[in-house]
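Listed below are the residues making up each chain.
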Amino acid sequence: MKTTFADFGLPEKILDVLADLELFEPTPIQEKSFSPILSGRDVMGIAQTGTGKTAAFAIPIIHHLHRIEGSSKKTKQIRCLVVTPTRELAVQIGESFDTYGKYTNLRQLTIFFFFFQVPQVDQLKKGVDILIATPGRLLDLHKQGFVDFDHLHFLVLDESDLMLDMGFINDVKKIVKLVPTNRQTLLFSATMPMAIRELADSFLT
């Protein structure tokens, strides 16, 4: 029998979105990632772009955060941070969280350079559950005191090999030092060069 999304105990609010999209069976990277992420383990996933990699971490994170937040109206805190190397990737990831979290009250914000800072800061002050950011912009806003990681549950490093190629690894190491040590860490990459393997070994459990 083929595995279906319903087999992972996902809430109706996520299953309804997947049904709307006519998605019923996970891709291989999703099938391999869901259970360990849902059980709280750190994960290192290797998969090419276009294989459903974003949903492999977005869906279980939405499931977990929705259980915490429910339909609460209390002030939102950053509970998930996704770091990715380019503006285009950040926007795509943000759209995925919006899509899969459509029937929840979770709020995501995507931040990057080449965009006026004031609207991003205003959104941060209002509160967000999920922050998706490029490394430079994230460190810049943190230095200015606009980003608080005290309530963080998830750190996701996406397209890690591309971050290496673009020279962001030192920024990534700085970010890892800023977030709580008891977070759950998910690292995704299309390839696994030695520098990424060493990075993963240094902060994944």
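On a predicted model such as this, the values are computed, not experimentally measured, just so you know.

> Account for the layout of surface pockets, naming residues and giving values.
Reported here for the largest pocket is a volume of approximately 190 Å³. Among the secondary structure elements, those contributing two or more residues to the lining of the largest pocket are helix 3 (53–69) and helix 4 (87–100). Element by element, the count of residues in the lining of the largest pocket is highest for helix 4, at five residues. When its residues are assigned to classes, the lining of the largest pocket shows four nonpolar, eight polar and three charged.

> Give a description of the sheet that holds strand 3 (residues 108–111) that names residues and reports values.
Spatially, the six strands line up as an open sheet ordered 1-6-5-2-4-3, and their pairing is parallel. Looking at the sheet topology across the chains shown, the edges are occupied by strand 1 (43–46) and strand 3. In this sheet, adjacent strand axes meet at a mean angle of 15 degrees when their direction is disregarded. Strand direction decides the pairing type here: strand 2 (residues 80–83) and strand 4 (residues 130–133), joined by four bridges, are parallel.

> Go over the pattern of salt bridges with me, naming the residues and quoting the values.
Note that side chains of opposite charge can pair when their charged atoms are close. All told, the structure shown has five salt bridges when counted by the stated rule. For Lys-53, the salt bridge is made with Glu-159, and the minimal N-O distance between the two is 2.9 Å. Here Glu-159 lies in the loop between strand 5 (154–157) and helix 7 (160–165) and Lys-53 lies in helix 3, a separation of 106 residues in the sequence. Of the residues examined, Lys-53 reaches a relative accessible area of 5% and is grouped as buried. Overall, Glu-159 belongs to the buried group, its relative accessible area being 6%. Arg-137 is the salt-bridge partner of Asp-140, the closest N and O atoms lying 3.3 Å from each other. Taken together, the residues Asp-140 and Arg-137, both in helix 6 (residues 135–143) and three residues apart, mark about one turn of the helix. Of the residues examined, Arg-137 reaches a relative accessible area of 5% and is grouped as buried. Overlapping salt bridges, with partners in common, bring together Lys-53, Asp-158 and Glu-159 in one network.

Criteria and thresholds
Residues numbered from 1 in each chain as written. Predicted model: local features only at pLDDT ≥ 70, side-chain atom pairs only at ≥ 80, totals over all residues. Heavy atoms only, no water. 1 Å grid on protein atoms, 1.4 Å probe; cavity = no way out; pocket = protein on both sides within 12 Å on 5 of 7 lines; lining within 4 Å. Points joined across faces, edges and corners; volume = space filled by probe spheres on them. Helix = DSSP H or I, 4+ residues; strand = E, 2+ residues; numbered from the N terminus. Nonpolar A, V, L, I, M, F, W, Y, C, P; charged D, E, K, R; others polar. Pairing = 2+ DSSP bridges. Axes fitted to C-alpha atoms, helices over the stretch in contact; angles between N-to-C directions. Salt bridge = Lys/Arg side-chain N within 4 Å of Asp/Glu carboxyl O. Buried < 20%, exposed > 50% of the residue type's maximum accessible area, 1.4 Å probe, protein only.

Note that all results are geometric; they support no functional claim without further evidence.
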